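In case you want the letters, here they are:
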Amino acid sequence: MSYERILTEDRRLQMLRLLEQSAGYSANAILLGNALEGMGHAVSQDRLATDLEWLAEQDLVALEEMGSVTVATLTARGGDVAAGRARVRGVKRPMPGE
């Protein structure tokens, strides 16, 4: 497995976990980007938007444009993946106890 793939899968898992911890299971892309940077995943806005679109295509998040900001909301399926109850290729599976 390539290092880039490892980073991508972990970043997607962290995004789901951030949404799981957010009030209303939602956060805007700017806040997600800032939180990811604090977790060692400094990414461009383009990369973040691409990841959010991918997560939406997998039905893990729902996206809504609110003015110039994208808001992501965790779906039930996304919550299952974040908790390790379901698996989706392209998202890291959490380790036990994580």
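Residues numbered from 1 in each chain as written. Predicted model: local features only at pLDDT ≥ 70, side-chain atom pairs only at ≥ 80, totals over all residues. Heavy atoms only, no water.

Caption draft 1: Structural context of the sheet that holds strand β3 (residues 69–74). Strand order in this open sheet of three strands is β1-β3-β2, and the pairing throughout is antiparallel. Two strands close off the open sheet at either side, each with one partner strand: β1 (26–28) and β2 (61–66). When strand polarity is set aside, the average angle formed by the axes of neighbouring strands in this sheet is 25°. As defined by bridge partners, β1 adjoins β3 across three bridges and the pair is classed as antiparallel. Of the residues in β3, the one forming a bridge with S26 is T73. Against the sheet, helix α1 (residues 3–21) contacts β1, β2 and β3, and its axis sits at roughly 80° relative to β3. (Pairing = 2+ DSSP bridges. Helix = DSSP H or I, 4+ residues; strand = E, 2+ residues; numbered from the N terminus. Axes fitted to C-alpha atoms, helices over the stretch in contact; angles between N-to-C directions. Contact = heavy atoms within 4.5 Å.)

Caption draft 2: Fine view of the pairing of β3. In the sheet, β2 pairs with β3 via six bridges, with the strands oriented antiparallel. Considered in β3, the bridge of V61 is made with L74.

Caption draft 3: Molecular detail of the side chain of D10. Relative to the helices and strands, D10 resides in helix α1. If near-sequence neighbours (up to four positions away) are discounted, D10 is found in contact with H41 and K92.

Caption draft 4: Main features of the nonpolar core. Among the nonpolar cores identified, the biggest contains 21 residues, and L16, L19, L32, L52, L55, L60 and V91 are the most heavily contacted of them. Within the residue set of this core, elements represented by two or more residues are α1, α2 (29–38), α3 (45–57), β3 and α4 (76–82). Ranked by residue count, the leading element in this core is α1, at five residues. Residue contacts for L60: discarding those within four places in its chain leaves L16, W54, L55, T73, L74, T75, R77, G78, V81, V88 and V91. (Core = buried A, V, L, I, M, F, W, Y, C linked by side-chain atoms within 4.5 Å. Buried < 20%, exposed > 50% of the residue type's maximum accessible area, 1.4 Å probe, protein only.)

Caption draft 5: Structural context of the packing of aromatic side chains. The tally for this structure, following the rule as stated, stands at zero aromatic pairs. Note that R12 overlies the ring of W54, its terminal NZ or CZ placed 3.7 Å from the centroid. (Phe/Tyr/Trp six-rings, centres within 6.5 Å; stacked < 30°, edge-to-face > 60°. Lys NZ or Arg CZ within 6 Å of the ring centre and 35° of its normal.)

Caption draft 6: Representation of the pattern of salt bridges in the model. Here the structure, examined in full by the defined rule, presents six salt bridges. Linking R5 and E9 is a salt bridge whose minimum nitrogen-to-oxygen distance equals 2.9 Å. With R5 and E9 both in helix α1 and four residues apart, the pair spans about one turn of that helix. Using a relative accessible area of 41% as the deciding quantity, one classes R5 as partly exposed. Between R85 and D80 there is a salt bridge; the shortest N-O distance is 2.9 Å. The exposure class assigned to R85 is exposed, which follows from its relative accessible area of 60%. (Salt bridge = Lys/Arg side-chain N within 4 Å of Asp/Glu carboxyl O.)

Caption draft 7: Region of interest: unusual backbone geometry. Even without being a glycine, Y25 presents a positive backbone phi close to 55°. Here Y25 is to be found in the loop between α1 and β1. Judged by its relative accessible area of 48%, Y25 is partly exposed. One non-glycine residue, D59, lies in the positive phi region at around 60°. Mapped onto the elements of the fold, D59 is located in the loop between α3 and β2. Here D59 falls in the partly exposed class, since its relative accessible area comes to 45%.

Any link to function would need more than the numbers given here.
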